[in-house]
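Summary of structural features
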Amino acid sequence: MTRIGENEESQIVPKISGDNDLVSMGRYEAEETESHMSILRYSAQRRRATTKRLDRAIGKRYLARADIAVFFPSVYTHAIPWAIHTKEIAKRRRRDKCLYGNVLDERSRNMQRGETLGIPIGPATSYILSELLLNPVDAALRDEYTFMRFIDDYSCYCGSRKEADAFIGALEDQLAEYGLQLNASKTNITRLPATTADPWIIQLRTLLDGFNLSQSSTLGTLFDLAINLQAKWPKGNVVKYAARALARHSTTDDLRHRCARHILEIAFHYPSVMPILARLVQDDSSVVRADELERLLEKQSEQRAPTDAMCWTLFAWRKQTSGTATLPSDLVNAVIGTDDCMAIASLWAIDQGEVDVIDFVRTKLAGSTDEKYDRFWLLVHEVGDKAPETKSYRERTGLQLLADIGVSFIDRAAFTGKDDDEPI
C-alpha cells in the first residue's frame, strides 16, 4: 500500500483500516494518522483537489487529457507482476510464488475463470490492481511532466503545445509496455484557461437562476431547453442534470407533481432520469399513478431498456403501491423475458412474481454452462435452495458458503417486511 499511497499524481488513495487487513479505495484526499490513512471531510477533499489542480495549472498554457481504452476489461493479468517487479524479473521468475505479483496475477485469473484478459469492474480489489499497474507508468512520466490521474484518466498541464503532444506520445509508449492503449476519442489537447464546467452546465445554471418556477409554463420550458441542449451535447448528462436540479427546486406539492409528470413523460427516452422520478415517488406516492409506471415498464421490457432504468421503475412502482398491489402477470413475464439478471432480481426484491422467478432459475437456467450461471449469480444466490438444481454451481463457486453464514445481497424485508424463510 505504501507504493500506491505515496503516488502524488493519483487521486485514488488507499484507506487501510482494522488490523491493516482491510483496504478501501476512493477519491480521497488523505492525511496520514499513525499507521493508517483517514478520510477528510468531503468539503476539505474538494478544496485540496482544487488546490492541487490549480497548483499544477499555474504558468501552463495547455491541458492534455487522455483516457485508457476499455481499461479494466483490457488489463492483461500477467502485466501485474511486470508492473510490480519489472518485466525482466517477472518473466524470469514467472512461476515463483514468492513474488507477490505472481500471486496477484493468479488470483486475478481465478476471478475470471482462468482468463488472462480483464479484471472485474467495480470491486476495490480492481482499483488496487489498477493502481499497482499504473504506478510505474506515473513514475516514468513524473520527472518530465506535471499531471494528475483519476483511475485511468490523465490530465497533464503543459507549457507548450509541443510539450502536450510529447506527453501524449510518452504516455502511449509507457502504456504499451503493459498491453494498454489510449482511447483516441477521449484524447485531446485544449488551450488554457479552460472552463471547469461544460458549456451546457453553465447555460443551465444561468437559466435555473433566472426562471421563476412558480409560473405554470416554466418547468416545461426548462425541460424543453434541456432536451434541446442534450441534442447539441449528446455525450453530456444534460437532461438528467436538469431533471435533478428542477426536482430539487420544486419545493411545493404542486411543483413536485408537475416536475414528476415531466420526468415521467421523458423517462422512456432518457432512462437516466428514473432515479430522480423514483425519489419523487418515494417522497410522495401520488405524483404518478401505478398504471403509468406499469405502461413505462412494459415499454422498457419490450425495448430492452437499460438495466438500472427497469430496476428503478420497479422500485418506484413498489413505493407507489405501498406493497398493496400485484404486478400484472404479463408484466412479470415481460421482465423475466428480458433475460436481465438485475431486473429479474428486482422482481424478487419487491416480492412480485416469485413463483415465476424461481421457475426461471430452475428451468431456463438448469443445465447451463458456468459462464451463463455467472451472468445470473446474484439471482441464483438469492433464490438459493428454492432452486435445488443450482446447488452444484453454488457449492463450486462459494455461493453456498455465503448462504450458510447468512449472507444475502438483497434485503427483501426492507421492501416487503417479509422474512425470506416464509413459505411461498
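This text follows the structure it describes.
Residues numbered from 1 in each chain as written. Predicted model: local features only at pLDDT ≥ 70, side-chain atom pairs only at ≥ 80, totals over all residues. Heavy atoms only, no water.

**Section: helix α18 (residues 354–364)**
Among the residues making up α18, those that are buried are E354, V357, I358, F360 and V361. All buried residues of α18 lie within an arc of 150° about the axis, which places them on one face of the element. Facing away from the buried side of α18 by over 90 degrees, the exposed positions are V355 and K364. (Buried < 20%, exposed > 50% of the residue type's maximum accessible area, 1.4 Å probe, protein only. Helix = DSSP H or I, 4+ residues; strand = E, 2+ residues; numbered from the N terminus. Arc of directions from axis to C-beta.)

**Thoughts on the environment of P199**
When you line up the elements, P199 lands in helix α9 (residues 199–210). Along the primary structure P199 and L229 are separated by 30 residues, whereas in three dimensions their C-alpha atoms are 9.8 Å apart.

**Details of the environment of Y76**
Note that Y76 resides in the loop between α3 (71–74) and α4 (79–85). Owing to a relative accessible area of 29%, Y76 belongs among the partly exposed residues under this scheme. Among residues more than four places away in sequence, those in contact with Y76 are W82 and T116. (Contact = heavy atoms within 4.5 Å.)

**Some points on the layout of surface pockets**
Computed from the structure, the second largest pocket encloses a volume of approximately 530 Å³. Lining the second largest pocket we find 15 residues, and of these M111, R113, D374, W377 and Y393 sit closest to its centre. Residues that form the lining of the second largest pocket fall into these classes: six nonpolar, four polar and five charged. (1 Å grid on protein atoms, 1.4 Å probe; cavity = no way out; pocket = protein on both sides within 12 Å on 5 of 7 lines; lining within 4 Å. Points joined across faces, edges and corners; volume = space filled by probe spheres on them. Nonpolar A, V, L, I, M, F, W, Y, C, P; charged D, E, K, R; others polar.)

**A few points about the packing of α9 against helix α10 (residues 218–232)**
Across the interface, α9 lies against α10 with an axial gap of 11 Å and an inter-helix angle of 170°. In terms of orientation, α9 and α10 fall into the roughly antiparallel class. Touching W200, Q203, L204, L207 and L208 of α9 are L222, L225 and L229, all from α10. Within the contact of α9 with α10, the residues separate by chemical class into seven nonpolar, one polar and no charged. (Axes fitted to C-alpha atoms, helices over the stretch in contact; angles between N-to-C directions. Parallel < 35°, antiparallel > 145°, perpendicular 65-115°, else oblique.)

**Quick notes on the sheet that holds strand β5 (residues 62–67)**
Read across the sheet, four strands follow the order β6-β7-β5-β8 without closing on themselves; strand pairing throughout is antiparallel. Two strands close off the open sheet at either side, each with one partner strand: β6 (146–150) and β8 (188–191). Direction aside, neighbouring strands of the sheet carry axes that sit 20° apart on average. Bridge analysis of β5 against strand β7 (residues 153–158) gives six bridges, and the strand direction is antiparallel. Counted as the bridge partner of R65 is S155 from β7. Along the sheet, helix α8 (residues 161–176) makes contact with β5, β6, β7 and β8, crossing β5 at roughly 20°. (Pairing = 2+ DSSP bridges.)

**Details of the pattern of salt bridges**
Opposite charge on two side chains permits pairing when their charged atoms draw close. Scanning the model with the defined rule gives 21 salt bridges in all. For E9, the salt bridge goes to R142, with nearest N and O atoms at 2.7 Å. With E9 in the loop between α1 (2–5) and β1 (13–17) and R142 in helix α7 (residues 124–142), this pair connects stretches of sequence that are 133 residues apart. Residue classification places R142 among the partly exposed positions, given a relative accessible area of 32%. A salt bridge links R412 to E354; the nearest nitrogen and oxygen atoms lie 2.7 Å apart. Of this pair, R412 sits in helix α23 (residues 412–416) while E354 sits in helix α18; the two residues are 58 residues apart in sequence, bridging distant segments of the chain. Considered together, R412 and E354 belong to a single accessibility category, that of buried residues. Residues joined in a network through salt bridges with shared partners are R261, R289, D291, E292 and R295. (Salt bridge = Lys/Arg side-chain N within 4 Å of Asp/Glu carboxyl O.)

Note that every value here comes from positions in space, so none of it alone points to a role or purpose.
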